[in-house]
Amino acid sequence: MIKLSQVSKQYPNGHLALNKVSFDIPSGEMAFVLGHSGAGKSTLFKLITRMEKPTAGQIIVHDQNLSRMRSSKVPYLRREIGVIFQDHKLLLDRTVFDNVALPLIVIGMPNDEIRKRVRAALGKVGLSGYEKNLPLTLSGGEQQRVGIARAVINRPSILLADEPTGNLDDELSDEIIDIFADFNQVGVTVLIATHDLRQVNRLGSRTIRLEKGEIVQTEATE
Amino acid sequence: MLTYLSRHLQVIFSTLGAMQRTPMASINTVLIIGIALLLPVCLYVTIKSGQALSDNWQGRPQISIFLRADTSASEAALIFNEIRLHPSVQLAELVTPQQALAEFRALSGLDYELKFLDDNPLPHSIVVMPDAGHARSEHLLELQAQLSKIEGIETIRLDLEWTDRFNAILKAAAKLSLVLSALLAVALILIIGNTIKLLIFNRRHEIEITKLVGGTDSFVRRPFLYYGCFYGILGALVSLLLLSGTAHLLQQPMAELAALYQRSQLLYRLGIEEIAIIVLSGAFIGWSAARWSVARHLRQIQPR
Ligand SMILES: Nc1ncnc2c1ncn2[C@@H]1O[C@H](COP(=O)(O)OP(=O)(O)OP(=O)(O)O)[C@@H](O)[C@H]1O
Ligand SMILES: [Mg+2]
């Protein structure tokens, strides 16, 4: 499903964020990406969603080689991948409803279907009744959950979560990670970048450990 | 299909909403477009008015026929009768040498000098007005040829030069206004394109996120194309408003002028098709500007 071979990413300023990273996450698997700040976790996700291009190596997502993917095809790749961003990336002048609905609006889904789905997704992340709120009137954790609702709304086959529990207390973290686990149960491939070892231990999923852009250990802790 | 339509409507409304949120920039742009469009529209109306006027002159041209100097009054009367009965002649008037001299005196002011003429050198002449159906230049030339066969006629003068010259001026003005319109269209595309560019960069964040969740380029582009169209349409409407304001200002002097030419209406009135064409041109110019701007700037905005 997501396969990296010898992937390196050097930013234009010369910083080598990833160095010869290889791993293969089969369809339907759930894995954690661990690593200190600056280890390259976000960079990894940017490569998978083609926000950045690798300077070396191959990335294959959904049997598609991203290096050879035409830029006109990139939107369709992104529709298959739900991403929870570390910095939320919400539209601050739009309501929660509009934010969550965006992935459905871009594919031209009918309005009543959108309303139904948004309500369901907000219910799932515990934000029922917040449709009309603006993101800045929400707490950090609530904003994070708006981002999660947006990521899952289009029922993507891959979920990438960059520090999804960074702002949440233990109880809420568990709930959120359980949501991801639920999606994983129905066949969604899930990749979570986190510092939260508690979750790794709780779920016992596979981990990919990055250190200064290199993989130091990948293991299936089962 | 319905979804597609409602989607477009939604984008249209949100575009209008966004225009409302930045009213000053929108109003400025629309005004600039309106004023810039006013010039070619004014030129067009002027040319059309001129053409109507010239058509009108062509409807009442004069043919002056001068008889030979040795023609007697009775001979002149015979010739006059023949001409008067010609099927394409509506009105004919016989001018005797005495009348002609009196008129010449009055017009020239050479009263004193003319006193020394013991003989009236002026011939009989006949002024002919052809009927409306034979008013075009080719008909007039034909009529001239027919009349010249009549015995006793010295020369026939057609008053075509004046209208021909006027028409030539109109043609040149039409060409000039075409060139001007093309240049103004280019200027407008630059102006609207720049406004769209500002809009694009104002909405940079939104564009990035839309691209991140799988929005295609054409989806991201759409509202900006609508912006361009709206600006163009509103600008065209403003120019039409300005035009009718200008016409209103000109009403009094034009009415006086119209009375001189015995016409009720001198200024050309735009028809519904012409108004539609002006509005559509506005839309097209706006759309092209947006297309151009979007092609240049949207690619630069990629999610980071
Ligand atoms: N656009 C960029 N240009 C240059 N260097 C960058 C850029 N983005 C990231 N980096 C560098 O690449 C390294 C990896 O960054 P990345 O954001 O992937 O880390 P991370 O593992 O997500 O860290 P964190 O846990 O703090 O989010 C960092 O040292 C960072 O400074
Ligand atoms: Mg990060």
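Keep in mind that this is a model prediction, so the values were computed, not measured. (Residues numbered from 1 in each chain as written. Chains lettered and ligands numbered in written order. Predicted model: local features only at pLDDT ≥ 70, side-chain atom pairs only at ≥ 80, totals over all residues. Heavy atoms only, no water.)

Points about the packing of helix 5 (residues 140–152) of chain A against helix 6 (residues 170–185) of chain A
All names here are of chain A. How we decide: Axis definition: a line fit to C-alpha positions, over the contact stretch in the case of helices; interaxial angles, taken between N-to-C directions, run 0 to 180 degrees. Where helices and strands are cited, they refer to DSSP runs of H or I of at least four residues and of E of at least two residues respectively, numbered from the N terminus. Here the word oblique covers every angle except those under 35 degrees (roughly parallel), over 145 (roughly antiparallel) and from 65 to 115 (roughly perpendicular). Working rule for contacts: check all heavy atoms of both residues, and any pair within 4.5 Å makes them a contact. As a working rule, the residues Ala, Val, Leu, Ile, Met, Phe, Trp, Tyr, Cys and Pro are called nonpolar, Asp, Glu, Lys and Arg charged, and the rest polar, with Gly in that last group.
Contact geometry for helix 5 and helix 6: axes closest at 12 Å, N-to-C directions at 5 degrees. In terms of orientation, helix 5 and helix 6 fall into the roughly parallel class. Along the contact surface, helix 5 presents Arg-145, Ile-148 and Val-152, while helix 6 presents Leu-172, Ile-176, Phe-180 and Phe-183. Tallied by class, residues from the contact of helix 5 with helix 6 come to six nonpolar, no polar and one charged.

Observations regarding the packing of aromatic side chains
For the record, the criterion: Two aromatic rings from Phe, Tyr or Trp, using only the six-membered ring of Trp, form a pair when their centres are within 6.5 Å; if the ring planes differ by under 30 degrees the pair is stacked, by over 60 it is edge-to-face, and anything between is tilted. Here's how the labels work: a residue is buried when its accessible area is under 20% of the maximum for its type, exposed when over 50%, partly exposed in between, all with a 1.4 Å probe on protein chains only. Ring-over charges, as used throughout, are those where CZ of Arg or NZ of Lys falls within 6 Å of the ring centre and within 35 degrees of the ring normal.
Tallied over the entire structure, the rule returns four aromatic pairs over all chains. Judged by centre distance (6.2 Å) and plane angle (25 degrees), the rings of Tyr227(B) and Tyr231(B) are stacked. Within this pair, Tyr227(B) and its partner Tyr231(B) are both found in helix 9 (residues 217–260), separated by four residues, close to a single helical turn. As far as burial versus exposure is concerned, Tyr227(B) and Tyr231(B) are alike and both buried. Among the aromatic residues, those joined into a cluster by ring pairs are Phe224(B), Tyr227(B) and Tyr231(B). Between the NZ or CZ atom of Lys89(A) and the centre of the ring of Phe85(A), over which it lies, the distance is 5.7 Å. Its guanidinium or amino end placed over the ring of Phe183(A), Lys124(A) lies 4.8 Å from that ring's centre, counting from NZ or CZ.

As for the pairing of strand 4 (residues 56–61) of chain A
Residue and element names in this part refer to chain A. In plain terms, the rule: A pair of strands is considered paired only if DSSP assigns at least 2 bridges between the two.
Bridge analysis of strand 1 (residues 2–10) against strand 4 gives five bridges, and the strand direction is antiparallel. Of the residues in strand 4, the one forming a bridge with Leu-4 is Ile-59. Two strands pair when backbone bridges link them, and strand 4 and strand 5 (residues 64–65) are joined in this way by two bridges, in the antiparallel orientation. Of the residues in strand 5, the one forming a bridge with Val-61 is Gln-64. Linking two consecutive strands that pair antiparallel, namely strand 4 and strand 5, is a turn of two residues; a positive phi of about 55 degrees is found at His-62 within it.

Regarding the interface of chain B and chain A
The criterion, for reference: A side-chain nitrogen of Lys or Arg and a carboxyl oxygen of Asp or Glu constitute a salt bridge if their distance falls within 4 Å. In protein, a polar contact means a hydrogen-donor-capable atom and an acceptor-capable atom, both N or O and within 3.5 Å, with residues adjacent in sequence counting only if both atoms are side-chain atoms; elsewhere, any N or O pair within 3.5 Å suffices.
With 17 residues of chain B at the contact, the number on the chain A side is 21 residues. Between the two partners, chain B and chain A, sit one salt bridge. One salt bridge in this structure joins Arg94(A) and Glu206(B), with 2.7 Å as the shortest N-O distance. For the interface between chain B and chain A, the tally reads four residue pairs in polar contact (both at pLDDT 80 or more). The set of elements that each furnish at least two residues to the side of chain B that touches chain A consists of helix 1 (2–21) and helix 8 (204–212) of chain B. Among the elements that make up the side of chain B that touches chain A, the one with the highest residue count is helix 8 of chain B (six residues).

Describing helix 4 (residues 111–124) of chain A
All names here are of chain A. Spelled out, the test is: Every helix has an expected span of 1.5 Å times one less than the residues it contains. In this description, one arc is meant: the one made by directions from the helix axis to the C-beta atoms.
The terminal C-alpha atoms of helix 4, which comprises 14 residues, lie 20 Å apart, in line with the 20 Å expected from a rise of 1.5 Å per residue. Residues Ile-114, Arg-117, Val-118, Ala-121 and Leu-122 constitute the buried set of helix 4. Taken around the axis of helix 4, the buried residues stretch over an arc of 130 degrees, which confines them to a single face. Those residues of helix 4 that are exposed and aimed more than 90 degrees away from the buried face are Lys-116 and Ala-120. Phi turns positive, to about 75 degrees, at Gly-126, one or two residues after helix 4.

Overview of the sheet that holds strand 4 of chain A
Two modes of strand pairing occur in sheets, parallel and antiparallel, and in both the strands are linked by backbone hydrogen bonds. One open sheet holds the four strands; their spatial order is 2-1-4-5 (chain A), and the pairing between them is antiparallel. Lying at the two open borders of the sheet, with one neighbouring strand each, are strand 2 (16–25) and strand 5 of chain A.

Points about the nonpolar core
What counts here: Take the buried Ala, Val, Leu, Ile, Met, Phe, Trp, Tyr and Cys residues and link them wherever side-chain atoms come within 4.5 Å; each set so joined is a nonpolar core.
Of all hydrophobic cores here, the largest spans 44 residues; its most connected members are Met30(A), Val100(A), Leu122(A), Leu159(A), Phe180(A) and Ile192(A). Listed by contribution, the elements that provide at least two residues to this core are strand 3 (30–34), helix 3 (96–105), helix 4, helix 5, strand 7 (158–162), helix 6 and strand 8 (189–194) of chain A. If one sorts the elements of this core by residue count, helix 6 of chain A sits on top with seven residues. One finds Leu37(B), Val220(B), Ala290(B) and Ile301(B) within the second-largest nonpolar core, a separate group that totals 34 residues.

Quick look at the sheet that holds strand 3 (residues 125–130) of chain B
Residue and element names in this part refer to chain B. Judged by pairing direction, the sheet is antiparallel, and its four strands sit side by side in the order 2-3-1-4 without closing on themselves. Here the strands that pair on one side only, and so sit at the sheet edges, are strand 2 (89–95) and strand 4 (153–158). Averaged over all pairs of adjacent strands, the angle between their axes in this sheet comes to 20 degrees, without regard to strand direction. In the sheet, strand 1 (residues 63–67) pairs with strand 4 via five bridges, with the strands oriented antiparallel. Counterpart to Leu-67 in the pairing with strand 4 is Ile-153. This element, helix 3 (residues 73–84), spans strand 1, strand 2, strand 3 and strand 4 of the sheet and lies at about 165 degrees to strand 2.

A word on the coordination of the magnesium ion (ligand 2)
All names here are of chain A. Defined as follows: Only nitrogen, oxygen and sulfur atoms count as donors, using a 2.8 Å cut-off from the metal that widens to 3.2 Å for Na, K and Ca. Water is left out, so coordination shells may look unfilled.
Note on the magnesium ion (ligand 2): its protein donors are Ser-42 (OG) and Gln-86 (OE1). The metal-donor distances range over 1.9 to 2.2 Å. Linking Ser-42 in helix 1 (residues 41–48) with Gln-86 in the loop between strand 6 (81–84) and helix 3, this pair joins segments that are 44 residues apart in sequence. Ser-42 gets classed as partly exposed once you look at its relative accessible area, which sits at 23%.

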